[in-house]
Amino acid sequence: MSETPGGSGLGHNAKARVTLARALAELFPGAPVDLDIQAASVDELTRALDALWPGMRDRIVDSSPAIRKHMNVFVDGQRATLVTPLPPGARVHILTAISGG
Amino acid sequence: MVQSVVVLVGTRKGAFLFESDGARRTWRRRGPFSPAWPFNHVVGDATSGTIWAGGGNEWFGPAVWQSADLGETWSHSSQGLAYAEGETPIKAVWSLAKAKDGKLYAGVEPAGLFVSEDGGNAWRHLAALRDHPTRAQWMPGGGGLILHSIVPHPENADAAWVGISAAGVYHTADGGRSFEPRNRGTRQDYAPEDQRYPEVGQCVHSIAMAAGRPERLYQQNHCGMYRSDDGGRNWISIEAGLPSSFGFPSAAHPHDADTLYLAPLNGDQAGRFMSDGEAAIWRTRDAGATWTPLRTGLPQQGAFFNVLRRAMATDTLPTAGVYFGTTSGSLYASADEGESWQEIASHLPTITSVETMTRDV
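Being a predicted model, the structure only gives us computed values, none of them experimental.

(A) View of the overall build of chain A. A count of helices and strands for chain A gives 3 helices and 7 strands. The helix and strand sequence of chain A, counted from the amino end, reads β-α-β-α-α-β-β-β-β-β. For chain A, the residues scored as buried account for 49% of the 101 residues in total. Counting only contacts in chain A whose residues sit at least 6 apart along the sequence, the fraction spanning at least 24 positions is 50%.

Printed below as a string of structure tokens:
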């Protein structure tokens, strides 16, 4: 059974360690910058975040659907897309790109 | 009862509020609010005091923010504010308007219209506009393909006009289930000579409804100033006597259907700033037959600013206040219908929108 909404329940016991851009976290009162979430892919991760803080997926993902043009998601140091899988214990950064703002 | 006038200002870097009493001599600033967000339109509901701010952030996409306590606290939502998968995603909200029945409308880029029946939390696409057979003829203006103007009918909640650059004016009589273009008589100077009065494709810049006469509309277009006395079915030019045919905002007097304020610039291919650097708002008191420049208190040299399409408004006091914001970050106010002006804020970020909210407090 997954421990967070949107979790995979597919045996990924080690949650991903997720760091959010401060500007993103600050849009949602109470959202921390660092948190642990269980998900099998970046897409699942954004849905899990949305379940915790409604609307957060919209800030990261557009309706294409794709990671927004000026947002970057890194999984274990590599630029990721929505379909990028999250290995157990993955290190995820969801960051604002230098090109935005 | 003491009347409070709140001027709501949208900028490229957040929203500001300026508050005064009925005298409108001294102003108190609140904000900036959400300074990381470019807002294209900030509106207020005088009855509830709720403020909505629509915009789009390069990182985080489009959203409508709202505050019920004059900016003390804010929340945002874009729930449902999206096109179908595979379509070009929405970049920003460009216009907001509350209808008589309480519904809130939002116009977006790329051009489309959404409605919220819960005060801006959840949104629903009114697809009939983008499904209109003329959509293939829409083309983006300098600001993008944007739905920048929404004018609800003050008595009939099912009727509204919208303005799209560059598609023109569309009207709905059935709450957004269908739309028809209303551009007859408006010009398109950027087309070959024999194609300058098409059904759609005109670059409307703003629409203003005359006080107490919902069928009278004024329009500032990329190519001329116009008036319609039949709900936009036919437009006539009212640009004679103005320094150019080009400008962005239009603001109707709150009580006199014949009075309108415009901010004409020096021309669309001539810098798009105040003519000769001398700032003036132009007023008609006879529905566009004649025009008078209003300059007292405005800079008369070196004023090379623009006034953007949403950046001028009137208040509803008996002697109307008029307000406009500049691309150079100045906010001007007149408490005497434009006869004299006072700069009530300077050095703000680029001002995109000015609206007012008059309340008894």
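After that view, the rundown keeps rolling.
(B) Structural detail: the overall build of chain B. Each helix and strand in chain B was counted, giving 0 helices and 28 strands. Its C-alpha atoms give chain B a radius of gyration of 19 Å, within 12% of the compact-globule value 21 Å for 361 residues. Its C-alpha atoms give chain B principal-axis dimensions of roughly 50 × 50 × 35 Å. Going through the 361 residues of chain B one by one, you find that 60% of them count as buried.

(C) Here's a closer look at the pairing of strand β1 (residues 16–20) of chain A. Residues and elements named next belong to chain A. Counting buried positions along β1 gives 4 out of 5 residues, so the element sits mostly inside the fold. Bridge analysis of β1 against strand β2 (residues 34–37) gives 4 bridges, and the strand direction is antiparallel. Bridge pairing in β2 places Ala 16 opposite Ile 37. The pairing of β1 with strand β7 (residues 91–96) spans 4 bridges and is classified as parallel. In the strand pairing of β7, Val 18 is matched with Val 92.

(D) Structural context of the sheet that holds strand β6 (residues 78–79) of chain A. All names here are of chain A. Strands sit in the order β2-β1-β7-β5-β6 across an open sheet of 5 strands; the sheet is mixed. Strands with a single pairing partner mark the edges of an open sheet, and in this sheet they are β2 and β6. Of the strand pairs in this sheet, strand β5 (residues 71–75) and β6 are connected by 2 bridges, and their pairing is antiparallel. Across the sheet, Phe 74 pairs through a bridge with Arg 79, a residue of β6. Here helix α2 (residues 42–52) sits on the sheet in contact with β1, β2, β5 and β7, set at roughly 115° to β2.

(E) Representation of the pattern of salt bridges within the structure. Residue and element names in this part refer to chain B. The tally for this structure, following the rule as stated, stands at 21 salt bridges over all chains. A salt bridge links Glu 72 to Arg 30; its shortest N-O distance comes to 3.7 Å. Here Glu 72 is found in the loop between β6 (61–67) and β7 (75–77), whereas its partner Arg 30 is found in strand β3 (residues 28–33), with 42 residues between them in sequence. By relative accessible area, which is 59% here, Glu 72 ends up exposed. One salt bridge connects Arg 283 with Glu 339, and the closest N-O pair in it is separated by 2.7 Å. Remark: Glu 339 occurs in the loop between β26 (331–334) and β27 (342–345) and Arg 283 occurs in strand β22 (residues 281–284); sequence separation between them is 56 residues.

(F) Main features of the environment of Thr 73 of chain B. All names here are of chain B. Along the polypeptide, Thr 73 turns up in the loop between β6 and β7. Sequence separation between Thr 73 and Phe 33 is 40 residues, and the spatial gap between their C-alpha atoms is 9.3 Å. Once residues lying within four places of it in the same chain are set aside, the contact partners of Thr 73 are Gln 66, Ser 67 and Ala 68. Within the structure, Thr 73 has its side chain in polar contact with the side chain of Asp 69 (distance 2.6 Å).

(G) Fine view of the pairing of β6 of chain B. All names here are of chain B. Within β6, 7 of the 7 residues are buried, which leaves it mostly tucked inside the rest of the structure. The pairing of strand β5 (residues 51–57) with β6 spans 7 bridges and is antiparallel. Directly across from Asn 57, in β6, lies its bridge partner Gly 61. Hairpin connection from β5 to β6: 3 residues lie between these consecutive antiparallel strands. Where β6 meets β7, 3 bridges bridge the pair, whose relative direction is antiparallel. Note on β7: the bridge partner recorded for Val 64 is Ser 77.

(H) Structural view of the environment of Gly 102 of chain B. With respect to the helices and strands, the residue Gly 102 of chain B is situated in the loop between β8 (92–98) and β9 (104–109). On the basis of relative accessibility, which here comes to 28%, the residue Gly 102 of chain B falls in the partly exposed class.

(I) Structural context of the packing of aromatic side chains. All names here are of chain B. On inspection of all chains with the given rule, the structure shows 12 aromatic pairs over all chains. Taking the centre distance of 5.5 Å and the plane angle of 45° together, the rings of Phe 33 and Trp 74 count as tilted. With a gap of 41 residues between them, Phe 33 in strand β3 and Trp 74 in the loop between β6 and β7 connect regions that are remote in the sequence. Relative accessible area serves as the criterion here: at 14%, Phe 33 is assigned to the buried category. Three or more aromatic residues link up through ring pairs in this structure, and these residues are Trp 37, Trp 59, Phe 60 and Trp 65. If you follow Arg 130 out to its NZ or CZ, it ends over the ring of Tyr 83, 3.7 Å from the centre.

(J) Structural detail: the sheet that holds strand β17 (residues 213–221) of chain B. All names here are of chain B. What the 4 strands build is an open sheet, ordered β16-β17-β18-β19; its pairing is antiparallel. The open sheet has two free edges, formed respectively by β16 (204–210) and β19 (236–237), since each of these has just one partner strand. Here 5 bridges tie β17 to strand β18 (residues 224–228), and the two strands are oriented antiparallel to one another. Residue pairing for β18: Gln 219 is matched across the bridge by Tyr 226.

(K) Layout of the interface of chain A and chain B. Taken residue by residue, the interface counts 17 residues in chain A and 18 residues in chain B. Both sides together, the interface formed by chain A and chain B hides about 1500 Å², and carbon and sulfur atoms give 55% of it. Applying the counting rule to chain A against chain B returns 9 residue pairs in polar contact (both at pLDDT 80 or more). Counting only elements with at least two residues in the side of chain A that touches chain B, the list comes to α1 (22–25) and α3 (56–60) of chain A.

(L) Local environment of the side chain of Arg 216 of chain B. All names here are of chain B. Tracing the sequence through the fold places Arg 216 in strand β17. Among the residues examined, Arg 216 registers a relative accessible area of 6% and is labelled buried. There is a polar contact of 3.3 Å between the side chain of Arg 216 and the backbone oxygen of Ala 257. In this structure the side chain of Arg 216 is engaged in a polar contact, spanning 2.6 Å, whose partner is the side chain of Asp 258.

Scoring rules and cut-offs
- Residues numbered from 1 in each chain as written.
- Chains lettered and ligands numbered in written order.
- Predicted model: local features only at pLDDT ≥ 70, side-chain atom pairs only at ≥ 80, totals over all residues.
- Heavy atoms only, no water.
- Helix = DSSP H or I, 4+ residues; strand = E, 2+ residues; numbered from the N terminus.
- Buried < 20%, exposed > 50% of the residue type's maximum accessible area, 1.4 Å probe, protein only.
- Contact = heavy atoms within 4.5 Å.
- Rg over C-alpha atoms; globule rule 2.2 N^0.38 Å.
- Pairing = 2+ DSSP bridges.
- Axes fitted to C-alpha atoms, helices over the stretch in contact; angles between N-to-C directions.
- Salt bridge = Lys/Arg side-chain N within 4 Å of Asp/Glu carboxyl O.
- Polar contact = N/O pair within 3.5 Å; in protein donor to acceptor, adjacent residues only side chain to side chain.
- Phe/Tyr/Trp six-rings, centres within 6.5 Å; stacked < 30°, edge-to-face > 60°.
- Lys NZ or Arg CZ within 6 Å of the ring centre and 35° of its normal.
- Buried area = accessible area lost by both parts, 1.4 Å probe.

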